[in-house]
Amino acid sequence: MKATISKIRSMKGKEKITMLTAYDYFTAKAMDEEGIDIILIGDSLGMVVLGYENTLSVTVDDIMRHTGAVARASKNALIVADMPVNSYNDNESAALNAEAFIKSGADNVKIENNPEIAKFLVENNFEVMAHIGLTPQTITDFKVQGKEKSSEIKLINLAKELENAGCYSIVLECVPAMLAKKITESISIPTIGIGAGPYCDGQVLVVNDILGLYDKLSPKFVKKYADLGKEMKNAFKSYIKDVKQGNFPKEEHSFH
Ligand code: KIV
């Protein structure tokens, strides 16, 4: 059954929410068939698919194209399009771009920080997932956020503001586990952690990280469930060797 916002909201405190990024049809289809709750077309696309250094070169068109591919594959998961940098600088462009993502197949959108834009989008009938903590569109120094008392209080207040703005969930990235617990307990919408410890209402990771398909960074919070990068290299090596040595194609691969 297709996941809905009210289902995701109702899972808080009862059942852990599972979320992964996906950018293409086949990966999305596989995780959808295995029962993932939410698929995010993250702007991590920039690094893990498009080969940029960070998320800052990702465009609205990039997210639209990949959202289409993911949406065509997904029967049950809730589809979230990540609004890339500069696509929600003001109310008008936020609404215009959110509309484009919904037309591409997303059910709703994610933005970093920004309670004012979140409120405007919600008032204009868009559902919004927020993202706080280490927010790669504005923080390029990849370190744990909210370690000092003052930044801890700021993050708790920001989470409350985003809840009041009408967001239906909040991604907490790279914050201490006990701060994630405090935030989770102080708001009534689900928190979804990445590098935020075990006390969030759900968990998200970048699919390329869990499959061993991205080796430029290996953050402590990632658990690798497969080593497809190594498998791919082995397959390519064997193919190249077979063709060079005349072992492929053979009689059984030929038409007569
Ligand atoms: O872009 C992304 O993949 C994300 C997740 C890390 C939450 O925002």
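Residues numbered from 1 in each chain as written. Predicted model: local features only at pLDDT ≥ 70, side-chain atom pairs only at ≥ 80, totals over all residues. Heavy atoms only, no water.

### As for the pattern of salt bridges
Under the counting rule described, the total for this entry stands at 13 salt bridges. A salt bridge links Lys216 to Glu53; its shortest N-O distance comes to 3.5 Å. With Lys216 in the loop between helix H9 (207-210) and helix H10 (228-244) and Glu53 in the loop between helix H3 (45-48) and helix H4 (60-73), this residue pair connects regions lying 163 residues apart in the sequence. Close ionic contact of Lys224 with Asp227 constitutes a salt bridge, the shortest N to O distance being 3.9 Å. Classification of Lys224 by relative accessible area gives exposed; the value is 53%. Asp227 gets classed as partly exposed once you look at its relative accessible area, which sits at 34%. Shared partners join several salt bridges into a network, and the residues in it are Lys149, Glu152 and Lys182. (Salt bridge = Lys/Arg side-chain N within 4 Å of Asp/Glu carboxyl O. Helix = DSSP H or I, 4+ residues; strand = E, 2+ residues; numbered from the N terminus. Buried < 20%, exposed > 50% of the residue type's maximum accessible area, 1.4 Å probe, protein only.)

### Quick notes on the packing of helix H2 (residues 25-33) against H4
In helix packing, the relevant descriptors are the interaxial angle and the interaxial distance, both defined with respect to the helix axes. Relative to each other, H2 and H4 sit at 40°, their axes nearing to 8 Å. You can see that H2 and H4 cross each other, and the crossing is right-handed. Taking contact as the criterion, the partners of Tyr25, Ala28, Lys29 and Asp32 in H2 are, on H4, Ala69, Val70, Arg72 and Ala73. The class makeup of the residues in the contact of H2 with H4 is five nonpolar, no polar and three charged. (Axes fitted to C-alpha atoms, helices over the stretch in contact; angles between N-to-C directions. Left-handed = near helix turned anticlockwise from the far one by under 90°. Contact = heavy atoms within 4.5 Å. Nonpolar A, V, L, I, M, F, W, Y, C, P; charged D, E, K, R; others polar.)

### Description of the layout of surface pockets
Roughly 670 Å³ of internal volume is contained in the largest pocket. Around the largest pocket, the lining is made up of 36 residues, and of these Phe142, Glu173, Ile194, Pro219 and Phe221 lie nearest the centre. Contributing elements (two or more residues each) for the lining of the largest pocket: H3, strand S4 (108-112), strand S6 (169-173) and strand S8 (202-205). (1 Å grid on protein atoms, 1.4 Å probe; cavity = no way out; pocket = protein on both sides within 12 Å on 5 of 7 lines; lining within 4 Å. Points joined across faces, edges and corners; volume = space filled by probe spheres on them.)

### Structural notes on the site of the ligand
Around the ligand, the surrounding shell consists of Thr21, Leu40, Gly42, Asp43, Ser44, Asp82, Lys110, His131, Glu173, Ile194 and Val206. Here an oxygen atom of the ligand sits 3.0 Å away from a polar atom, N or O, in the side chain of Asp43. A distance of 3.0 Å is found between an oxygen atom of the ligand and a side-chain nitrogen or oxygen belonging to Lys110. Protein chains shield 95% of the accessible area of the ligand, which is 260 Å² for the free molecule. Judged by the proximity of its atoms to the pocket grid, the ligand belongs to the largest pocket. (Near = heavy atom within 4 Å. Polar contact = N/O pair within 3.5 Å; in protein donor to acceptor, adjacent residues only side chain to side chain. Areas by Shrake-Rupley, 256 points an atom, 1.4 Å probe, with all protein chains shown as cover. Sits in = over half its atoms within 2 Å of the grid points.)

### Let's talk about the packing of aromatic side chains
A full pass over the atoms with the stated rule returns two aromatic pairs. Geometrically, the ring pair formed by Tyr25 and Phe26 is edge-to-face, given 5.0 Å between the ring centres and 80° between the ring planes. Given the relative accessible area of 64%, Phe26 is considered exposed. Taken together, a centroid distance of 6.4 Å and an interplanar angle of 55° make the contact between Tyr239 and Phe248 tilted. Residue classification places Phe248 among the partly exposed residues on the basis of a relative accessible area of 32%. (Phe/Tyr/Trp six-rings, centres within 6.5 Å; stacked < 30°, edge-to-face > 60°.)

### A closer look at the side chain of Glu163
Mapped onto the fold, Glu163 is located in helix H7 (residues 149-165). The side chain of Glu163 is buried and forms no salt bridge, while Arg9, the nearest opposite charge, is found at 6.3 Å. (Lys, Arg positive; Asp, Glu negative; His and termini not counted.)

### Focus: the sheet that holds S4
Strand order in the closed barrel made by the eight strands is S1-S2-S3-S4-S5-S6-S7-S8, with parallel pairing throughout. Between one strand and the next, the sheet's axes are offset by a mean angle of 25°, whatever the strand orientation. Where strand S1 (residues 17-21) and S8 come together, four bridges link them in parallel fashion. Paired with Thr18 across the strands is Gln203, a residue of S8. Strand contacts of H4: strand S2 (38-41) and strand S3 (78-82), with the helix running at about 150° to S2, the strand carrying the most contacts. Strands in contact with helix H6 (residues 115-123) are S4 and strand S5 (128-133); relative to S4, the strand with the most contacts, it is inclined by about 165°. (Pairing = 2+ DSSP bridges.)

### Structural notes on the nonpolar core
By size, the foremost hydrophobic cluster in this structure holds 73 residues, and its most contacted members are Ile38, Ile39, Leu121, Ile132, Ile170, Leu172 and Ile183. Here this core gets six residues from one element, more than from any other, and that element is H7. With near-sequence residues (within four places) excluded, Leu121 lies in contact with Met83, Ala94, Ala95, Ala98, Val109, Ile111, Phe126 and Val128. (Core = buried A, V, L, I, M, F, W, Y, C linked by side-chain atoms within 4.5 Å.)

### Here we look at the side chain of Glu112
With respect to the helices, strands and loops of the structure, Glu112 is situated in strand S4. No salt bridge is formed by the buried Glu112. Its closest oppositely charged neighbour is Lys110, at 4.8 Å. Polar contacts involving the side chain of Glu112 include one to the main-chain amide nitrogen of Gln137, which spans 3.0 Å.

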